[in-house]
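# Examining the three-dimensional arrangement
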Amino acid sequence: MGSSERPLTRASIEAAHALIKPHIHSTPVLTNTTLSNLASTPQTPEALHGTPWEGQKPATPKVRLFFKCENFQRIGAFKVRGAFHAVIRLIEEQGIEEVRRRGVVTHSSGNHAQALALAAKTFSIPAHIVMPKISTPSKIAGTQAQGAIVHFSGSTSQEREAVVADVVAKTGATLIPPYDHPDIILGQGTMALELQEEAAELMNKKPELGIHGESSKGLDALIAPCGGGGMLSGNAIACHDTGIKVFGAEPSFEGGDDARRGVAAGERVTTVKTLTIADGLRTPLGEITWKIISDATYVASLYGVTEQNIKDAMKLVLERMKCFVEPSAVVGLATILYNEDFRKMVEREAGEEGWNIGVVFSGGNTTIEAITKIFADVPAAKAEREEGAVGSDGRRVAENVAG
């Protein structure tokens, strides 16, 4: 795909939103009293046992959470935003007949695969999708259901890209990258525009939902999952110079927190090989997304969470919010609940006033079978807890209501 000349600015994201709006869902922003209360309750010494924060005084941040539910987006994930924007821009540049003649190609573990397949089908464009053999079966099936031709590869980005090069050589298809392209980044950033507006609207109608009460000023911060970095970059651009701090969250299993490690070292990590359950986050940052995410004026900081943190957060979302999400979607929430570095930072920077935090649920493309496997080693729940009892992560919660 040609290099877009569109600047990476909020104005460009607003233009992208106008283009893709007819093709996407404006997904809901939900609140949940239980999860906001849990996030504002100190972790127990037992919960910190065996962590880097063992023996330290637990943080006591004050937060209210606003969940942007991209699991309710078309194809069950945010990726349609970038895919539709990139395809529409490609049609503008080359003409529909040329794009149809050549087709499009990409590589993806599932969500971008399904998104590009849907966007291509919408405009009757042939789509070739390179997917790792270990991709979630439901994501493979979802991609094939859109009429795309699926080509299988190994799981690393290098293995995927080798198969893409072969497809391009044989078909002449135009590559639409999964994350490292301006048009993809700008499309993904449209969710932050909606989140800011929707959260402010909720707080205007019900000031008590916000932590600042009658003097509600909207969101103070936003946290999003980070894989290749397209969504986090887009959200960071949309929030730049708005006063909203942006944070990234990653799985730490087998080095999955490459963005965090790269920023700490001052150099982009180019290879990631992890089998984290957050399968949508197994890719390294691209050159463009690295430039944005490594700039602290765009992304304030990044945090890693364990596989157990992800499982615990996912269990809370499924049981307390009644919301169907995939593991990758909850790394932001897991960071808020369990990463003491993040929690201490909020306590320090937000102080007594606290923060309204936007939390991106990136998608819901998983299966009951996959969820069953993830939780197979989790002991059966004890007798149903009464209202106000200890939460599933060991913290006492004030209420047990979905609000």
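Cut-offs and rules
Residues numbered from 1 in each chain as written. Predicted model: local features only at pLDDT ≥ 70, side-chain atom pairs only at ≥ 80, totals over all residues. Heavy atoms only, no water. Helix = DSSP H or I, 4+ residues; strand = E, 2+ residues; numbered from the N terminus. Contact = heavy atoms within 4.5 Å. Areas by Shrake-Rupley, 256 points an atom, 1.4 Å probe, with all protein chains shown as cover. Lys, Arg positive; Asp, Glu negative; His and termini not counted. Charge placed at Lys NZ, Arg CZ, Asp CG, Glu CD. pLDDT = per-residue confidence, 0-100. Disulfide = S-S within 2.5 Å. Buried < 20%, exposed > 50% of the residue type's maximum accessible area, 1.4 Å probe, protein only. Pairing = 2+ DSSP bridges. 1 Å grid on protein atoms, 1.4 Å probe; cavity = no way out; pocket = protein on both sides within 12 Å on 5 of 7 lines; lining within 4 Å. Points joined across faces, edges and corners; volume = space filled by probe spheres on them. Nonpolar A, V, L, I, M, F, W, Y, C, P; charged D, E, K, R; others polar. Domains from an automatic or database assignment. Expected span 1.5 Å × (residues − 1). Patch = residues over 30% accessible without salt bridge, like charges linked within 9 Å, V, L, I, M, F, W, Y side chains within 5 Å. Salt bridge = Lys/Arg side-chain N within 4 Å of Asp/Glu carboxyl O.

## Examining the overall build of the protein
The helix and strand inventory of the protein stands at 17 helices and 10 strands. For the protein, long-range pairs separated by at least 24 residues make up 76% of all intrachain contacts whose partners lie at least 6 apart in sequence. Accessible area for the protein stands at about 16100 Å²; split by element, carbon and sulfur atoms hold 52% of it. Of the side chains in the protein, 41 bear a positive and 47 a negative charge, and the two mean positions are spaced by 3 Å.

## Considerations on the confidence of the model for the protein
Confidence in the prediction of the protein, expressed as mean pLDDT, is 90, and 92% of residues score 70 or more. In the model, residues 380-392 has pLDDT below 50 throughout and makes 17 contacts with residues more than four positions away in sequence or in other chains. Low pLDDT, under 50, characterises residues 396-403; the stretch is placed with 25 contacts to residues that sit more than four places away or in other chains.

## Overview of the state of the cysteines
Summed over the entire model, instances satisfying the criterion amount to zero disulfides. With no disulfide of its own, Cys-69 has Cys-323 as its nearest cysteine by sulfur position, at a separation of 4.3 Å. Using a relative accessible area of 2% as the deciding quantity, one classes Cys-323 as buried.

## Some points on the sheet that holds strand 6 (residues 174-175)
Pairing is parallel in the open sheet, where four strands are placed in the order 5-4-3-6. The open sheet has two edge strands with one neighbour each: strand 5 (149-153) and strand 6. Strand direction decides the pairing type here: strand 3 (residues 104-107) and strand 4 (residues 127-132), joined by four bridges, are parallel. Note that in strand 4 the partner of Val-105 across the bridge is His-128.

## Some words on the environment of Ala-173
Note on placement: Ala-173 falls in the loop between helix 8 (157-171) and strand 6. Residue Ala-173 is classed as buried on the basis of its relative accessible area, which comes to 3%. Considered as a pair, Ala-173 and Gly-255 are 82 residues apart in the sequence and their alpha carbons are 33 Å apart. Beyond its immediate chain neighbours, meaning those up to four positions away, Ala-173 contacts Arg-102, Gly-103, Val-104, Val-105, His-128 and Val-168.

## Focus: empty space enclosed by the protein
To find leftover empty space, a probe the size of one water molecule is rolled over the atoms. Across all of its chains, the model carries one cavity of 30 Å³ or more by this definition. The computed volume of the largest cavity comes to approximately 290 Å³. In terms of lining, the largest cavity is formed by 27 residues, of which the most central are Phe-78, Lys-79, Gly-228, Gly-280 and Leu-281. Counting only elements with at least two residues in the lining of the largest cavity, the list comes to helix 6 (111-122) and helix 11 (230-239). Among the elements that take part in the lining of the largest cavity, helix 11 stands out by supplying three residues, more than any other. A class-by-class count of the residues in the lining of the largest cavity yields seven nonpolar, 15 polar and five charged. In terms of domain composition, the lining of the largest cavity takes at least three residues from each of domain 1 (10-76 + 181-361) and domain 2 (79-175).

## Notes on the sheet that holds strand 9 (residues 301-305)
Reading across from one edge, 1-2-10-7-8-9 is the order of the six strands in this open sheet, with mixed pairing throughout. Two strands lie at the open edges of the sheet, namely strand 1 (29-30) and strand 9, each paired on one side alone. Sheet topology note: the strand 2 (residues 63-69)/strand 10 (residues 355-361) ladder contains seven bridges and is parallel. Note that in strand 10 the partner of Phe-66 across the bridge is Gly-358.

## A word on helix 10 (residues 190-205)
Taking 1.5 Å of rise per residue, the 16 residues of helix 10 would be expected to cover 22 Å, and the 23 Å separating its terminal C-alpha atoms lies within 8% of that figure. Of the residues making up helix 10, those classed as buried are Thr-190, Met-191, Ala-192, Leu-193, Glu-194, Leu-195, Gln-196, Glu-198, Ala-199 and Met-203.

## Some thoughts on a nonpolar patch on the surface
On the surface, Ile-134, Phe-253 and Leu-275 cluster together to form a nonpolar patch covering roughly 280 Å² of accessible area. With respect to the helices and strands, Leu-275 occurs in the loop between helix 12 (258-265) and helix 13 (287-293). Of the residues examined, Leu-275 reaches a relative accessible area of 54% and is grouped as exposed.

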